[in-house]
Amino acid sequence: MRSIPHPVRFPGLVLACLLACVMGCGMSDMDAPFIHGGRTDGACTVDQDCADPSLFFCNTALSRCEPACRTDLDCSVERRGELNAIAACESLSLGCRCDASRCVPALCSQDSECHGDTVCRSGACVTPAPGDTAGACHVVPERVVAPVGTPLRFEGWVTTPEGTPLVLPEGFTWSAVSPRVKGGGFGSGATFTLESAGEEEEAVEARAGPAACRARVTALPPHTAEGALRVVVTDALTGSPVEGAAVVMADVLGSVMARDSTDAQGVAVIAARSDSTVSVFHPDFGYLTVANYDVNGSRDLRLPLRRNPVERVGGVRVGFTRAVPAGSGGALSLGLTGLSVPGLLSDAAPSQVQGPDQAVDLTLGGATRQFQVPTNVWVNGLGALAPDAVDVPGIAGVCDSGLKDAVDPDAAMRVGGCGTRTAWALTAQVPSGELPAGMMDPRTDPLLLLARALPPSGRFFSSVERDVQFALRSPNPGGPESPAPLTTLDFQQVPLAFPFVVRVPPLPRFRGGYLERALVVGSVSAPGRGTVPLGLGAAVNANPVDPNTDTQPGLTSPGLVRVRMAPAHHGLEGRAYRMTAVASSGAFGGEEPVGRATSAVMSALGGPLFDPEGWAPVTLGDAFLAIPEGAHYNPDTSLWHGLLPREWRMDASVPGATLVRATFTNAAGRRWTVWVDGRRAVTGVRLPVPPAGLEDRTFQGDTEGSRASLSVEALAVATPEGQALNLSALAESGGLAPDPLMETVRAVSTLDYGRPLVTWLEPGEGATIARGATVRVRVDGFQVGADTSHGDEGGVLLAVRGGGLGCDGVLVRGDVASRSGEVALPLPAACSGPEVTLVVSLVDGLGLPLRPAVSVARTVRVP
């Protein structure tokens, strides 16, 4: 057996490659609908051997005739006649459609596509469930703290007495059950207004048949204190007030002017100053800063905090039913699973979205290729044995008494000990003989395989379990762990039956080129649960490398991307569809760029379309934002390159961005998020020193005093009518919370700056090397180069110590790095010695060490 020792290490590459593998070819004979009557499945070698080549084709893999089509009409009895009619198509209320030259059952995506009194449920037109089948319901959000006069939107979920998700066509009957609240109506949601102040109480009721559920509301009195700012701090994922948070008002110099702690209602009141920066600190949550708040507004802020992401771990284990065995001929099966993510994906830590990597070896045609696959990817076949279930991490939120072993759900929610999300999976299986060529070649771009394989795929499915509760616990490294609850998904629940085409906007530039790949994701937004993926498409920008994605087979121009998507199903019907196009830097299978850059455009989608030829491409409403390059932070206590102490600033604003968000993440995964208006990013903000006893998360938290990792996002945020929203308006309305923010973001671009870091590649510690040898280091979070006009930040300085006259005091500087950040430095030819110390440091354009200093040392023998 020939082994290819090139493991695939990047999660995005893994997923793209595996998806390309499972989507390599069209449907097999098992996928084809049954043919009614006649000997139309006779043996063949070419299409002409079939009874009617216009209605059949020869499946050369099986040497038999199978029904074919060019249009939807070719799948109907009117075109095929009684003898060649497809029984399955004639028995379906929506008939069949022609998809990739095959007649496949037609699916609906919304109620308007069904006739009479039927409704669309899981892609089929069916009789709606009566209201008396409702057994329980849940209101989202279930807890709110807001001032009098605030309009509040509530949504609801309903289940049968057995806990099965239910969607009633009439929705809920909404009513106010407290005189402090006014509003009501009918449907999936309703809007209420807080009329008078009062303590927390049940104030809003949703009723569906015999099921009723309520939301609790705390109505704060109007804020009228002159010269004062009121800040309401809540848990972003439960709505509960956060008590004991330190709220700090700082001036333009970063000096603390006022401070207060939140009470049991999450409220703090501090003195207001013009153009002040408001920061909230709590050890259990991410820090939050609103820069340059305009005190001419309401002076009443509602700020949500996200819990520290890595201090609670847990989720569910996902297994599959109807997972088809690999069979004697061999096949590859894949189940990509996850739990819905609330808000923007960047709000979650990577460990909350996917599990740690594990090695999976796939063998095909005598070649073996290793993939580093996240633990939430289920793989079976080609030498890989299917696990009973895979671990899927979850994000904290709300829960109820339905959670197993939940003694006190309210207590669990207060400490981030539980959550309710939607479990999802994209699954497929393909025989080994139909896998795409090149999948085992490490030089092959898997995303290109996916882009080419997607159009004819008829074997990709979406699976959903809408309401999944789970517990979260404190990490216990090396200790015993309680097993996560098992969630079972149908491997072939609903097919991705809607092929259509999306027109991707021109790709943004990044460091002298253009972003190199694009992924298009179709999803549904589940209130209180998060985003649930239902389909995808992919494209590359390789030939030529220009502002557009490459022209895909069968399409007429660049910038068009084929997408496949399932309808909302199994309890998600009626919720808003969403289309997101994400462009990213770096080529799959190549070197990793120094800083990962992405730009995404989000747009509402009326529903998935059946348009395989792309006659009416879906157009996204906005352009990609430029990458937010040129951000700098000075963690030092003195002036540095024009930056004042503790000042964050950008060299230039991002056109079209209304907000900028800078996020510092330390070694423990704890964050400090800084929000700045897009127009004020170039003037910057000086961060206050956290209150005594709280860590400064702009630093890594190590003994060397290293700076924390930094990522910067530019966001275009607007109302549904297209009116831009500034930071003050969002902070006053509670619009920084996950669901409201997700509804208003039109586009977002991100650059992961990381933190300045230099790592030895070769030689190893204590190694023997030749005189004049070249040593290599890797630089991350720092752009090596001498051209500051393109964002270069400085170089790498090698200082040689020991070894005598030819070594001591020798300095070698490197200003050239590869795309992966590797820098080669030659040793002086005259240097030798039994113990030569090599110290590599990062320096600025003037050759001065960074502050805090970044350096590593290595001792070698030079004979």
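The residue count restarts for each chain, going from 1 along the sequence in the order it is written. Reporting in this predicted model follows two pLDDT cut-offs: at least 70 for local features of residues, and 80 or more for side-chain atom pairs to be given and counted; totals over whole chains, interfaces and linings ignore these cut-offs and use all residues. Here the side-chain values reflect all heavy atoms present in the structure, with hydrogen atoms and water set aside.

Asks: Explain the overall build of the protein chain residue by residue, including any values.
Replies: Under the scheme used here, helices are H or I runs from DSSP no shorter than 4 residues and strands are E runs no shorter than 2 residues, and both carry numbers assigned from the N terminus. Within the protein chain, the regular secondary structure consists of eight helices and 56 strands. Throughout, the radius of gyration refers to the C-alpha atoms, and the reference size of a globule is 2.2 Å times the residue count to the power 0.38. For 863 residues, the compact-globule formula gives about 29 Å, and the C-alpha radius of gyration of the protein chain, at 29 Å, lands near that figure. With the C-alpha coordinates of the protein chain rotated into their principal frame, the extents come out at 95 × 80 × 50 Å. Residue contacts follow a heavy-atom distance rule, with two residues in contact if any of their heavy atoms lie within 4.5 Å. The long-range fraction of contacts in the protein chain, counting pairs at least 24 apart against all pairs at least 6 apart in sequence, stands at 67%. Carbon and sulfur atoms make up 54% of the accessible area of the protein chain, which totals about 34,700 Å². Asp and Glu are treated as the negative residues and Lys and Arg as the positive ones, with His and the ends of the chain left uncounted. Lys charges are placed at NZ, Arg charges at CZ, Asp charges at CG and Glu charges at CD. Charged side chains in the protein chain number 67 positive and 89 negative. The centres of these two groups are separated by 3 Å. Only the protein chains shown count as cover for residues, and all accessible areas are computed by the Shrake-Rupley method using a 1.4 Å probe.

Asks: Explain helix H2 (residues 77–84) to me, and be specific about the residues and the numbers.
Replies: When a residue's accessible area, from a 1.4 Å probe over protein chains only, is under 20% of the maximum for its type it is buried; when over 50% it is exposed; and in between it is partly exposed. What H2 keeps buried is the set Val77, Arg80 and Asn84. Along the axis of H2, the buried residues cluster in a sector spanning 120°; they form a single face. Exposed residues on H2 whose side chains face more than 90 degrees from its buried face are Glu78, Glu82 and Leu83. Check the buried side of H2 and you find it contacts strand E2 (56–59), strand E3 (64–67) and helix H3 (87–91). When we speak of the arc, we mean the arc of directions from the helix axis to the C-beta atoms.

Asks: An account of the pairing of strand E51 (residues 774–780) is needed here, citing residue identities and associated values.
Replies: One bridge is not enough; two strands pair if DSSP finds at least two bridges between them. In terms of strand pairing, strand E50 (residues 757–762) meets E51 through five bridges, oriented antiparallel. Within E51, the residue paired with Trp760 across the bridge is Val777. One ladder, built from five bridges, connects E51 with strand E54 (residues 822–826); its direction is antiparallel. Across the sheet, Val775 pairs through a bridge with Leu825, a residue of E54.

Asks: Any chance you could break down the sheet that holds strand E47 (residues 685–686) for me, citing the residues and the numbers?
Replies: Read across the sheet, three strands follow the order E43-E44-E47 without closing on themselves; strand pairing throughout is antiparallel. At either margin of the open sheet sits one strand with a lone partner, and together these are strand E43 (631–634) and E47. With two bridges connecting them, strand E44 (residues 647–650) and E47 associate as antiparallel partners. Residue Glu647 lies in a different strand from E47, and its bridge partner there is Arg686.

Asks: Talk me through the pattern of salt bridges; I want residue IDs and the actual numbers.
Replies: Throughout this description, the term salt bridge denotes a Lys or Arg side-chain nitrogen within 4 Å of a carboxyl oxygen of Asp or Glu. Scanning all chains against the criterion turns up 34 salt bridges. For Arg529, the salt bridge is made with Asp467, and the minimal N-O distance between the two is 2.8 Å. With a gap of 62 residues between them, Arg529 in the loop between strand E37 (517–526) and strand E38 (530–540) and Asp467 in strand E31 (residues 460–473) connect regions that are remote in the sequence. One salt-bridge network, held together by shared partners, links Glu202, Glu205, Arg207 and Arg214.

Asks: Before we move on, can you summarise the packing of aromatic side chains with the specific residues and values?
Replies: Aromatic pairs are defined between Phe, Tyr and Trp rings, using the six-membered ring for Trp, whenever the two ring centres lie within 6.5 Å; interplanar angles under 30 degrees are classed as stacked, those over 60 as edge-to-face, and all others as tilted. This model, assessed by the stated rule, comprises nine aromatic pairs. Ring plane angle 55° and centroid distance 5.6 Å describe the contact between Phe172 and Trp174, whose orientation is recorded as tilted. A single burial state applies to Phe172 and to Trp174, both of which are buried. Between Phe281 and Trp672, the ring centres sit 5.3 Å apart and the planes meet at 80°, which makes this aromatic pair edge-to-face. Placement of Phe281 in strand E21 (residues 276–281) and of Trp672 in strand E46 (residues 671–677) is noted, with a sequence separation of 391 residues between them. Pair check on accessibility: Phe281 and Trp672 agree, each one buried. Charges are assigned to positions over rings by a cutoff of 6 Å between ring centre and Lys NZ or Arg CZ, combined with an angular limit of 35 degrees from the ring normal. Residue placement shows Arg80 over the ring face of Phe56; its charged tip is 5.1 Å from the ring centre. Positioned over the ring face of Tyr287 is Arg697, at 3.8 Å from the centre of the ring.

Asks: Describe the state of the cysteines, with residues and values.
Replies: Disulfide: a pair of cysteine sulfur atoms within 2.5 Å of each other. This model, assessed by the stated rule, comprises ten disulfides. There is a disulfide in this structure between Cys69 and Cys98, and the S-S distance comes to 2.1 Å. Judged by the sign of its S-S torsion, about 95°, the cystine formed by Cys69 and Cys98 is right-handed. One end of the pair, Cys69, is in the loop between E3 and H2; the other, Cys98, is in strand E4 (residues 96–99), with 29 residues separating them in the sequence. Here the two residues Cys69 and Cys98 agree in accessibility, since each one is buried. Covalently, Cys89 is tied to Cys96 through a disulfide, its sulfur atoms 2.0 Å apart.

Asks: Can you tell me about unusual backbone geometry, naming the residues and giving the values?
Replies: Of note, the amide linkage connecting Asn543 to Pro544 takes the cis form, showing an omega dihedral of -5°. Tracing the chain through its elements places Pro544 in the loop between E38 and strand E39 (560–565). With an omega of -10°, the peptide bond running from Arg851 to Pro852 counts as cis. Mapped onto the fold, Pro852 is located in the loop between strand E55 (833–843) and strand E56 (855–862). One non-glycine residue, His570, adopts positive backbone phi at about 50°. What makes His570 partly exposed here is its relative accessible area of 30%. A positive phi angle, near 60°, is found at Arg646, a position not held by glycine. Mapped onto the elements, Arg646 comes out in the loop between E43 and E44. For Arg646, a relative accessible area of 11% corresponds to the buried category.

Asks: Quick one: what's the story with the pairing of strand E45 (residues 659–665), residue by residue and with numbers?
Replies: With six of its seven residues buried, E45 lies for the most part within the structure. Two strands pair when backbone bridges link them, and E45 and strand E48 (residues 709–717) are joined in this way by seven bridges, in the antiparallel orientation. Of the residues in E48, the one forming a bridge with Thr663 is Ser711. Both E45 and E46 contribute to a ladder of seven bridges, which runs antiparallel. Within E46, the residue paired with Val660 across the bridge is Val676. Connecting the antiparallel pair E45 and E46 is a turn made up of five residues, with Gly669 showing a positive phi of about 80°.

Asks: An account of the environment of Thr289 is requested, with residue identities and associated values reported.
Replies: Structurally, the position occupied by Thr289 is in strand E22 (residues 287–293). In this structure Thr289 comes out as buried when scored by relative accessible area, which is 0%. Separated by 194 residues in sequence, Thr289 and Pro483 place their C-alpha atoms 38 Å apart. With residues up to four places along the chain from it excluded, the contact list for Thr289 reads Thr277, Val278, Ser279, Trp672, Thr673, Val674, Trp675 and Leu687. The definition of a polar contact used here is a pair of N or O atoms within 3.5 Å, where within protein one atom must be able to donate a hydrogen and the other to accept one, and adjacent residues in sequence count solely through side-chain atom pairs. Only 2.8 Å separates the side chain of Thr289 from the side chain of Ser279, close enough to count as a polar contact.

Asks: Before we move on, can you summarise the sheet that holds E56 with the specific residues and values?
Replies: Strand order in the open sheet formed by four strands is E53-E52-E55-E56, and the pairing between neighbours is antiparallel. Two strands in the sheet have a free side with no partner beyond their single neighbour: strand E53 (811–814) and E56. In this sheet, neighbouring strand axes are inclined to one another by 25° on average, regardless of whether the strands run parallel or antiparallel. As paired strands, E55 and E56 are joined by seven bridges and run antiparallel to one another. Within E56, the position partnered with Gly833 by the bridge is Val862. With axes taken as lines fitted to C-alpha atoms, and helix axes fitted only over the stretch in contact, angles between N-to-C directions fall between 0 and 180 degrees.

Asks: Outline the environment of Val843, listing residues and values.
Replies: Within the secondary structure, Val843 is located in strand E55. The exposure class assigned to Val843 is buried, which follows from its relative accessible area of 1%. Remark: the alpha-carbon pair of Val843 and Val269, spanning 574 residues in sequence, is separated by 45 Å. With near-sequence residues (within four places) excluded, Val843 lies in contact with Phe782, Glu793, Gly794, Gly795, Leu797, Arg813, Leu848, Pro849 and Leu850.

Asks: Requested: an account of the nonpolar core, with residues and values cited.
Replies: Soluble globular proteins tend to bury their nonpolar side chains together. Membership of the largest hydrophobic core comes to 84 residues, with the highest contact counts inside it found for Trp648, Phe664 and Val712. The contacts of Val712, once residues within four sequence positions are left out, are Pro628, Ala631, Trp648, Met650, Val660, Arg661, Ala662, Ser749, Thr750, Leu751 and Tyr753. Joining through side-chain atoms within 4.5 Å is the link that ties buried Ala, Val, Leu, Ile, Met, Phe, Trp, Tyr and Cys residues into a set, and such a set is a nonpolar core. Listed in part, the 37 residues of the second largest apolar core include Ala258, Val290, Leu344 and Met742.

The values reported here are purely geometric and, on their own, carry no functional implication.
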